[in-house]
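Commentary on secondary and tertiary structure
Read off the chains here:
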Amino acid sequence: KAQFQVFVSPEAVAEAVAAHIAEVVRARPETVLGLATGKTFVPIYEALVRVSVETGLSFAEASSFNLDEYVGLAPNHPASFRRYMEENFFRHVDLPAERALLPEADGDAAAACLAYEAAIVARGGIDVQLLGIGRNGHIGFNEPGSAFDGRTQVAKLTPSTIAANTSDFPPGEVPPPEAITMGIGTILEAREIVLVATGAGKAEALARAFLAPPDETCPASALQRHGHVTVFCDEAAFAGM
Ligand code: GLP
């Protein structure tokens, strides 16, 4: 029952996702956004910033919760997701800093997980959750085998995910082996989910997520259990569907 919107290029996907988010925030300025990082989302934030500037769209009443953050990286580390969000989105829009949250992964991680869940509940839950997908079907940093009812937790990254993300790090540095991530259960509580996949490298993961019955070996297949999922993808990622 997930809806698919297929576009010719990653650029067209980015425009469409940005237009959708802009429409949601315009209709409900106090929207609680669930945000994602990764290469897929760079053009999406770029498009959303442009829409915001061109149309005067304000995020002043909105809040955001990012999916995940590496354990042990200082917030200003060049490869931290905090830094990614500052550079790609937060510094360009009027979303108040105190309501633009990521898991606090450079201190007491267990406490940070509980605090994050509580903060989401205190905001009334997430209205729209943006999600990318890993080549192995991971969502957030929930790797294959993660429980579908999992909450925000410290997760171990697989070697393939570490390899895929090494290029985001300065030369000679590798990603930390762990991250704090919203659990799949946390993600499924969002009222709406927008999954974005671009490029041929995501075709197999997308097909596994939606063509076979839900199975914990493919974390994104849990999305079949959610009633309001829209997949924005390009033709290359849609090729296996
Ligand atoms: C990362 C992130 C995910 C992201 C995925 C795909 O490890 N934790 O949130 O969706 O991998 O990233 P990319 O868009 O760079 O392919």
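Quick caveat, the model's predicted, so the values are computed rather than measured. (Residues numbered from 1 in each chain as written. Predicted model: local features only at pLDDT ≥ 70, side-chain atom pairs only at ≥ 80, totals over all residues.)

Below, the discussion takes up the sheet that holds strand β5 (residues 100-101). The sheet built from 7 strands is open, its strands ordered β1-β10-β9-β6-β2-β3-β5 with parallel pairing. Lying at the two open borders of the sheet, with one neighbouring strand each, are β1 (3-7) and β5. As judged from the 5 bridges shared by strand β9 (residues 192-197) and strand β10 (residues 229-234), these two strands associate in the parallel manner. From the neighbouring strand, V194 faces β10, where its bridge partner is T230. (Pairing = 2+ DSSP bridges. Helix = DSSP H or I, 4+ residues; strand = E, 2+ residues; numbered from the N terminus.)

This part takes up the site of the ligand. Looking at the ligand, there are 14 residues lining it, with G38, K39, T40, G132 and G134 nearest. Its residues placed into classes, the shell around the ligand shows 4 nonpolar, 8 polar and 2 charged. (Near = placed C-beta within 6 Å. Nonpolar A, V, L, I, M, F, W, Y, C, P; charged D, E, K, R; others polar.)

Judged by pairing direction, the sheet is antiparallel, and its 3 strands sit side by side in the order β4-β8-β7 without closing on themselves. Of all strands in the sheet, those bounded by a partner on one side alone are β4 (68-70) and β7 (153-156). Recorded for the sheet is a direction-independent mean angle of 30° between the axes of neighbouring strands. Pairing of β4 with strand β8 (residues 178-181), which is carried by 3 bridges, proceeds in the antiparallel orientation. Note on β8: the bridge partner recorded for D68 is T181. (Axes fitted to C-alpha atoms, helices over the stretch in contact; angles between N-to-C directions.)

What follows covers the pairing of β7. Here β7 shows one buried face, formed by Q153 and A155, and one open face, formed by V154 and K156. Looking at chain direction, β7 and β8 are connected through 4 bridges and run antiparallel. Bridge pairing in β8 places A155 opposite A179. (Buried ≥ 20, exposed ≤ 12 C-beta atoms within 10 Å, placed from the backbone.)

If you check helix α1 (residues 10-27), its first and last C-alpha atoms are 26 Å apart, about what 18 residues at 1.5 Å a residue would give, namely 26 Å. Where α1 is buried, its residues meet β1, α2 (42-55), β6 (128-131), β9 and β10. (Expected span 1.5 Å × (residues − 1). Contact = placed C-beta atoms within 7 Å.)

A word on the nonpolar core. Formed by 72 residues in total, the largest nonpolar core has its most connected members in V17, I44, I133, V194, L195, V196 and L206. With 6 residues, the top contributor of residues to this core is α1. Apart from the residues within four sequence positions on either side, V196 is in contact with V13, V17, T40, I44, L130, G132 and F232. (Core = buried A, V, L, I, M, F, W, Y, C linked by C-beta atoms within 7 Å.)

Relative to the assigned elements, T166 resides in the loop between α5 (159-165) and β8. Expressed as a C-alpha distance, the spacing of T166 and E69, which sit 97 residues apart in the sequence, is 15 Å.

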